[in-house]
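So you can see what is in the structure, the chains are spelled out below.
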Amino acid sequence: MARFGSPLLFIDCNIIRRQYRTLAAALPGVELHYALKPQPHATVVKVLAAEGAWFDLATNGEVDLVRTAGIAPDRCIHTHPIKRDQDIRRALDYGITTFVFDNPDEIFKFTPYRERVRLLLRLAYRSTDAMVDLSRKFGCDPEAAIALVATAARAGVTVSGLTFHVGSQVGTADAHARAIEVCGVLISEAVAHGLPPLEVLDIGGGFPIDYLQPAQAIEEFCLPIRVALAGLPKGIRVISEPGRYICGPAGFCLTTVMGRAMREGRWWYYLDDGIYGSFSGQLYDHSRYPVEPVAPHAGPKQPCVLAGPTCDSIDVIAEDIPMPELAAGDLLMGRQMGAYTNATATDFNFFPRAHMLIVNATPAGD
Ligand SMILES: *Cc1c(COP(=O)(O)O)cnc(C)c1O
């Protein structure tokens, strides 16, 4: 702490490895493409590459990051459904050839490159219980899928598979399972219509982790997915795009009490990290992180308020959180903070975002 200053966000790569291996074991035969969006750190990418991971990219910045990290382009797919020509060219220049589309306009952006690309059609399946529902913003209605694949075929652009992303931090995999079943039907329909075979199914991300509320254990969560995948036509290459599940539990935030005030009978503790910093996910991602004092404190716990450092009233991390009495200089730790935290942090009010520290980048024993 003395060395790195406060606030600090550290990522434990041993936990990254553990999460990757646990999910790989829960989804046998499924290629895991790490979605960079929740934690786009080059070291995390390199650690996962060493584990044998693939990667899911969506922006030029992410393309540049994996390229600089030395990841082979054939281990990457580009999954943003809406792209400018410059975005397509940036990914193609690097060597990425798999892209995603969900509407006819997007097909024709690929006609100049049709010899070099294969597209996945993104379908919309809404997960009513996802904390973050992404099927409203992207994806075509499954009813429109065959017509879109046929339009691409007429334009000479190859559609090699289907993809969906039911949302993030979903409660159960019911939506995944239903979506896989519908995709299985569409894959057979494409054959019946004499269209080129759909050989790839990308089941997206959404795998949940514990926050203040525990999530379903991952083996249990993945069971309906495994059952649904077993019902697909043979020979389909199945991939998924986990983000949060891989990096969320690996992140820890250390923040220091800057000062305190008793207001209306309750302690307010002002921390040097908050909603505009590492806790931004509370706003954008609707997450609530477990926060505790680092050192043991004697004395009873009382409901208090944890506030961030900025002069904005929205910058409150927790109201009514039971804490022992704290004082300026005390250190608190937030857990489960590796996903959608620093990725969305700002320097608002000139409070610099947390310094990032990556630990165990080299596996023990190497
Ligand atoms: C953000 C995103 C992911 C990762 O989602 P998680 O819920 O973090 O696993 C995967 N696929 C797409 C298309 C995304 O936009």
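Per chain, residues are indexed from 1 in the order of the written sequence. It should be noted that, the model being predicted, local features are given only for residues of pLDDT at least 70 and side-chain atom pairs only at 80 or more, the latter also being counted only at that level, while totals for whole chains, interfaces and linings use all residues. Hydrogens and water are ignored here; the side-chain numbers use all heavy atoms of the structure.

1. Some points on the packing of helix H7 (residues 174–192) against helix H8 (residues 218–230)
Here is step 1: Lines fitted to the C-alpha atoms define the axes, with helices restricted to the stretch that makes contact. Angles between their N-to-C directions range from 0 to 180 degrees. Helix and strand assignments follow DSSP, with helices taken as H or I runs no shorter than four residues and strands as E runs no shorter than two, numbered in order from the N terminus. Relative orientation of the contacting elements H7 and H8 amounts to 10°, with a least axis distance of 8 Å. As summarised for this structure, H7 and H8 are arranged roughly parallel, according to the angle between their axes. Contacts between H7 and H8 pair His176, Ala177 and Ile180 from the former with Phe221, Pro224, Ile225, Ala228 and Leu229 from the latter.
Here is step 2: In the scheme used here, Gly and all other residues not listed as nonpolar or charged are polar, with Ala, Val, Leu, Ile, Met, Phe, Trp, Tyr, Cys and Pro taken as nonpolar and Asp, Glu, Lys and Arg as charged. When the residues that make up the contact of H7 with H8 are grouped by side-chain class, the tally is seven nonpolar, one polar and no charged. Geometric relationships in this document are graded by angle, where less than 35 degrees denotes roughly parallel, more than 145 denotes roughly antiparallel, 65 to 115 denotes roughly perpendicular, and other angles denote oblique. Residues count as neighbours in contact if any of their non-hydrogen atoms are within 4.5 Å of one another.

2. Details of the pattern of salt bridges
Here is step 1: Take a side-chain nitrogen of Lys or Arg and a carboxyl oxygen of Asp or Glu: if they are within 4 Å of each other, that pair is a salt bridge. Evaluation of the coordinates by the stated rule reveals 13 salt bridges.
Here is step 2: A salt bridge links Arg244 to Asp285, with the nearest nitrogen and oxygen atoms 2.8 Å apart. With Arg244 in helix H9 (residues 244–247) and Asp285 in the loop between helix H10 (281–284) and strand E12 (291–293), the pair connects residues that are 41 residues apart, well separated along the chain. The same class applies to Arg244 and to Asp285, which are both buried.
Here is step 3: Of the charged contacts in the structure, one is a salt bridge between Glu325 and Arg260, with a shortest N-O distance of 3.1 Å. Partly exposed describes any residue whose relative accessible area lies between the buried limit of under 20% and the exposed limit of over 50%, with all areas from a 1.4 Å probe on protein chains only and scaled to the type maximum.

3. Some remarks on empty space enclosed by the protein
Here is step 1: A pocket here means an open set of points on a 1 Å grid, computed over the protein atoms alone, that has protein on both sides within 12 Å along at least five of seven lines. A cavity is instead a set of points where a 1.4 Å probe fits but cannot get out; residues with an atom within 4 Å of a point line either one. Grid points are joined across faces, edges and corners, and a volume is the space filled by probe spheres set on the points. Under the counting rule described, the total for this entry stands at one cavity of 30 Å³ or more.
Here is step 2: Empty space within the largest cavity amounts to approximately 70 Å³.
Here is step 3: Forming the boundary of the largest cavity are 14 residues, of which Asp273, Tyr276, Gly277, Pro309 and Phe351 lie nearest the centre.
Here is step 4: When grouped by side-chain class, the residues that make up the lining of the largest cavity number five nonpolar, four polar and five charged.

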